[in-house]
Amino acid sequence: MGLLEFDGEPLTWEKLKPYVEHVKTHGIQQFLHNYRRLMQRPGDILKWGDEVEYMIIKFDHTNRKVQLSLRGEELCEILQEKEKKKMKNLTSLWRPEYASYMVEGTPGVPYMGYMAQFNVVEANMKMRRKEVQELLNDDEQIVSLTVFPRLGCIDFTYPPHKITGPESNPVSRSLFFPDEAITSHPRFPLLTQNIRLRRGKKIAINIPIFKDTNTPSPFVENLNDPESKAAAKPDHIYMDCMGFGMGNSCLQLTFQACNVEEAKLLYDHLAPVCPIMLALSAASPLYKGYISDIDARWQVIAASVDDRTNEEMGNEPLKNNNPVKFLFFRHVIQKSRYDSIDSFLSSNSKIFNDINLEVDEEVKSTLLNAGIDDLLAQHIAHLWIRDPLTLFSKKIDLDDENEADHFENIQSTNWQSMRFKPPPPGSSIGWRVEFRVCEAQLTDFENAAFVVFIVLLTRVILTYKLDFLMPISKVDTNMEKSQKNNAILTEKFHFRKNVMTSQSPACCAQLCSFKSNCTEGSDEFPGFIPLIRRYLDSVEVGVEARCSISEYLNLIGKRASGEYMSAAQWIRHFVTSHPEYKHDSVVSDSIAYDLL
Ligand code: ADP
Ligand code: MG
Ligand code: MG
Ligand code: MG
Ligand code: MG
């Protein structure tokens, strides 16, 4: 996403509703104009880049307390100065994020395919961190932390904001997360409010609590609000707004493919890798001051933006009497708009698409009639079951041939594990694929390791024409497993038995451990790391880059075998063995302070 701009009045849900069909219809026209122009785009080269999200943390050393400092927007203004002056060859680019204690940093220009570039990833991350740190006060620190351990506890922000009930926060109606912690650019509060209004009630996130010896049983929170009381489940940590998910950080990567077909191929073959990387990067066992029984944030963020109505959830019968064509009641929808992908895109992956896909039939036939292939048409028609959530009054009537805002409106609020990104109109950028599941690691070394590992995996997939496809429902099963407490050591995953030759969906997958998947497979699938090493032996790599890559592969390999703990397990272990921990699942202020 470019610099955030907006035009005119932000439309709240009631005012946006009459334009829902308009945005969706024109969004499809914008996609078609763009597609026709770019389908035949000749060979682009590999370019790629990472995105790291950071939090600004304030340390009160006297009281041993940590808070999230709501200075992200103010810092972003300063960090964006060079870009706004159109200066070239910048080290970094900065974007505001959902919460006003966050910032997002990317390299200033995308990396190219040269091996030597692997040596600058970590250095660039270090420079970014330094750039922000230099703007901070002595008691503040920039931390690439996936979830703040006491997010939503009293006074977790600096400055603190008192909440007396849902009416304290008109945007989210949260009992815990102040509206003041939402970035003030109208996109963010508007998304928050419109998701809640479309859904018809507050967000409800229930995550199983880790039951320790002194944890009350059943564990029930004392909630002073009837709606929250009804939504909270016993033995779960209850969270009630978008900030609990979108206010978390992650690590993402985007690759440019040489053409649309290669982009589809990477999209498909990286999808089965998502759950594996989610578990290996898992970094978030603590929520709202409690230890949970999960290690990764995925289901939390999915629930945090779930705008489905009761009908769409399947909790009430579909009412088919709505005269407004695109509004509500049309589908029972299995997943939140933030979740894993539901279909593969390249033609030979069709037989692996075994999830029942909800599609907007009209959109699908428009696309098919325009000559889009059936799998891409189905993909877009599946994204189009969602409504737009934001709209600005001066951005309603657009030039469909040269603009893509309505397309991007729906596309960019389908927050899926992988994203298929068509070239933006009027730019030199090609077809891209985004890998979106990784959790942010605390150190630049770890973040660089994940980034380099995944980029190398794309080279290996393309060079050896590897086949990672399996029934996509099995990828979903893996996504569920990958978030569990200590999944790496306790779960077995579905993965291809043989990645070298085609196999039928019925017999292609087997259950395997992370260790075998990453480090020590068979002839039919030697494992990710041996394949990457084989690839590295076949290309020219400088000594320095080779050394860095070796260390990265070592980290990933030892995470996979359990020799090194995941970030989540390390955090869990730190809290449960802290001398002040009372075995009651509570992460106190001083424990959080010591952890950070
Ligand atoms: P979004 O938030 O929509 O995913 P961002 O603009 O924040 O997008 O991040 C885009 C990412 O893509 C960055 O990591 C950037 O370095 C990278 N990138 C930029 N241009 C290209 C390109 N031509 N090909 C591949 N990646 C690119
Ligand atoms: Mg971004
Ligand atoms: Mg981001
Ligand atoms: Mg308030
Ligand atoms: Mg991104």
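Not measured: the values here are computed from a predicted model.

*Asks:* Please clarify how the overall build of the protein chain should be interpreted in this entry.
*Replies:* What the protein chain contains, in helices and strands, is 23 helices and 18 strands. The globule rule puts the C-alpha radius of gyration for 596 residues at 25 Å, and the 23 Å found for the protein chain is close to it. Dimensions along the principal axes, computed over C-alpha positions, put the protein chain at roughly 60 × 60 × 55 Å. Counting the 596 residues in the protein chain, one finds 51% classified as buried. Put simply, of all contacts in the protein chain between residues at least 6 apart along the chain, 75% involve residues at least 24 apart.

*Asks:* Explanation requested: the site of ligand 1 in the structure shown.
*Replies:* Residues in close proximity to ligand 1 total 17 residues, the closest being Lys-47, Gly-49, Pro-110, Thr-254 and Gln-256. If you list the elements that add at least two residues to the shell around ligand 1, you get β1 (47-60), β4 (102-107), β10 (251-256) and β16 (432-435). Among the elements that take part in the shell around ligand 1, β1 stands out by supplying 5 residues, more than any other.

*Asks:* Help me understand the pairing of β4, please; the structure alone is not making it clear to me.
*Replies:* The side chains of a regular strand alternate between the sheet's two faces. In terms of burial, β4 is a largely internal element, 5 of the 6 residues being buried. Where β1 meets β4, 4 bridges bridge the pair, whose relative direction is antiparallel. Its bridge partner being in β4, Tyr-54 is matched across the sheet by Val-103. Relative to β4, strand β3 (residues 92-96) runs antiparallel, the two being bridged by 5 bridges. Bridge pairing links Trp-94 to Gly-105 in β4.

*Asks:* I keep staring at the domain arrangement of the protein chain and nothing clicks. Help me out?
*Replies:* When the parts come together, some accessible area is lost, and that loss is often what is quoted as the size of the interface. Partitioning the protein chain into structural domains gives domain 1 (7-466 + 565-596) and domain 2 (467-564). When each unit is reduced to the centre of its C-alpha atoms, the spacing between domain 1 and domain 2 is 25 Å. Facing the 47 residues of domain 1 at the interface are 43 residues of domain 2. Mapped by element, the contributors of at least two residues to the side of domain 1 that touches domain 2 are α9 (260-270), α10 (274-281), α11 (298-304) and α16 (444-463).

*Asks:* Help me out: how do you make sense of the environment of Ser-504 in this one?
*Replies:* Position of Ser-504 among the secondary structure elements: in the loop between β17 (493-496) and β18 (509-512). Expressed as a C-alpha distance, the spacing of Ser-504 and Phe-352, which sit 152 residues apart in the sequence, is 8.6 Å.

*Asks:* Please explain unusual backbone geometry as it appears in this structure.
*Replies:* Most of the time, phi is negative for any residue but glycine, and the peptide bond is trans. Residue Tyr-158 is joined to Pro-159 through a cis peptide bond whose omega torsion reads -5°. When you line up the elements, Pro-159 lands in the loop between β7 (157-158) and α6 (187-199). Notably, Lys-465 is not glycine yet its phi reads approximately 50°, a positive angle. Here Lys-465 shows up in the loop between α16 and α17 (472-482). According to the C-beta neighbour criterion, Lys-465 is exposed, with 11 such atoms within 10 Å.

*Asks:* What is the right way to read the packing of α16 against helix α20 (residues 528-538) from this model?
*Replies:* Where α16 contacts α20, the two axes come as close as 10 Å, and the packing angle between them is 75°. Between α16 and α20, the angle falls in the class roughly perpendicular. On α20, the residues that touch Leu-456, Leu-457, Arg-459, Val-460 and Thr-463 of α16 are Phe-528, Leu-531, Ile-532 and Tyr-535. When grouped by side-chain class, the residues that make up the contact of α16 with α20 number 7 nonpolar, 1 polar and 1 charged.

*Asks:* I would appreciate a short explanation of the pairing of strand β2 (residues 65-69) in the present structure.
*Replies:* Burial within β2 is extensive, with 4 of its 5 residues counted as buried. Once β1 ends, the chain turns through 4 residues before running back antiparallel as β2, passing Arg-64 with a positive phi of about 50°. Here β2 runs beside β7; their pairing, made up of 2 bridges, is parallel. Pairing of Ser-69 across the sheet is with Tyr-158, part of β7.

*Asks:* Is there a simple way to explain the nonpolar core in this structure?
*Replies:* Note on soluble globular proteins: their nonpolar side chains tend to be buried together. Core analysis: the biggest nonpolar cluster contains 161 residues, and Met-277, Val-452, Phe-453 and Ile-556 have the highest contact counts within it. When residues in this core are grouped by element, the largest group, 11 residues, is from α16. A domain-level breakdown of this core finds at least three residues from each of domain 1 (7-466 + 565-596) and domain 2 (467-564). The contact partners of Met-277, leaving out residues within four places of it in the chain, are Val-437, Cys-438, Phe-450 and Ile-454. In this structure, Leu-11, Leu-16, Val-20 and Leu-391 belong to the second largest nonpolar core, which totals 5 residues.

*Asks:* Before we go on, may I ask you to explain helix α13 (residues 361-369) in this structure?
*Replies:* In an α-helix, one full turn covers 3.6 residues, which means residues spaced three or four apart are oriented alike. When we look at burial in α13, the residues that qualify are Val-363, Lys-364, Thr-366 and Leu-367. Projection of α13 onto a plane perpendicular to its axis shows the buried side chains occupying an angular sector of 160°, all on one side. Residues of α13 that are exposed and point more than 90 degrees away from the buried face comprise Glu-361 and Asn-369. Looking at the packing, one finds that the buried side of α13 touches α2 (20-38) and α14 (374-383). Two residues or fewer past α13, Gly-371 is found with a positive phi of approximately 95°.

*Asks:* Hey, could you run me through α6 in this one?
*Replies:* Between its first and last C-alpha atoms α6 spans 18 Å; for 13 residues at 1.5 Å apiece the expected length is 18 Å, and the two agree. Burial analysis of α6 places 10 of its 13 residues in the buried class, which makes it a mostly covered element. When α6 is considered as a whole, its buried residues turn out to be Phe-188, Pro-189, Leu-190, Leu-191, Thr-192, Gln-193, Asn-194, Ile-195, Arg-196 and Arg-198. The inward-facing, buried residues of α6 abut α1 (13-16). Just beyond α6, the residue with positive phi is Gly-200, at close to 90°.

*Asks:* Where do I start with the environment of Asn-248 in this structure?
*Replies:* Its place among the elements puts Asn-248 in the loop between α8 (243-246) and β10. For Asn-248, a count of 28 C-beta atoms within 10 Å gives the class buried. In this structure the C-alpha to C-alpha distance between Asn-248 and Glu-312, which are 64 residues apart in sequence, comes to 26 Å. Ignoring any residue separated from it by four or fewer positions in sequence, one finds Asn-248 in contact with Thr-146, Val-147, Ser-284, Arg-297 and Ile-301.

*Asks:* What's the story with the environment of Ser-412 in this structure? I'm lost.
*Replies:* If you trace the backbone, Ser-412 turns up in the loop between α15 (405-411) and β14 (415-416). Judged by the 13 C-beta atoms lying within 10 Å of it, Ser-412 is partly exposed. Separated by 29 residues in the primary sequence, Ser-412 and Leu-383 have C-alpha atoms spaced 9.8 Å apart.

*Asks:* I would appreciate a short explanation of the packing of α20 against helix α21 (residues 543-561) in the present structure.
*Replies:* Two packed helices can be described by the angle between their axes and the distance between those axes. At a closest axis distance of 11 Å, the pairing of α20 and α21 adopts a crossing angle of 170°. Regarding the angle of α20 to α21, the classification is roughly antiparallel. Residues Ile-529, Ile-532 and Leu-536 of α20 pack against Arg-546, Ile-549, Leu-553, Ile-556 and Gly-557 of α21. Taken together, the residues of the contact of α20 with α21 sort by class into 6 nonpolar, 1 polar and 1 charged.

Criteria and cut-off values
- Residues numbered from 1 in each chain as written.
- Chains lettered and ligands numbered in written order.
- Predicted model: local features only at pLDDT ≥ 70, side-chain atom pairs only at ≥ 80, totals over all residues.
- Helix = DSSP H or I, 4+ residues; strand = E, 2+ residues; numbered from the N terminus.
- Rg over C-alpha atoms; globule rule 2.2 N^0.38 Å.
- Buried ≥ 20, exposed ≤ 12 C-beta atoms within 10 Å, placed from the backbone.
- Contact = placed C-beta atoms within 7 Å.
- Near = placed C-beta within 6 Å.
- Pairing = 2+ DSSP bridges.
- Domains from an automatic or database assignment.
- Axes fitted to C-alpha atoms, helices over the stretch in contact; angles between N-to-C directions.
- Parallel < 35°, antiparallel > 145°, perpendicular 65-115°, else oblique.
- Nonpolar A, V, L, I, M, F, W, Y, C, P; charged D, E, K, R; others polar.
- Core = buried A, V, L, I, M, F, W, Y, C linked by C-beta atoms within 7 Å.
- Arc of directions from axis to C-beta.
- Expected span 1.5 Å × (residues − 1).

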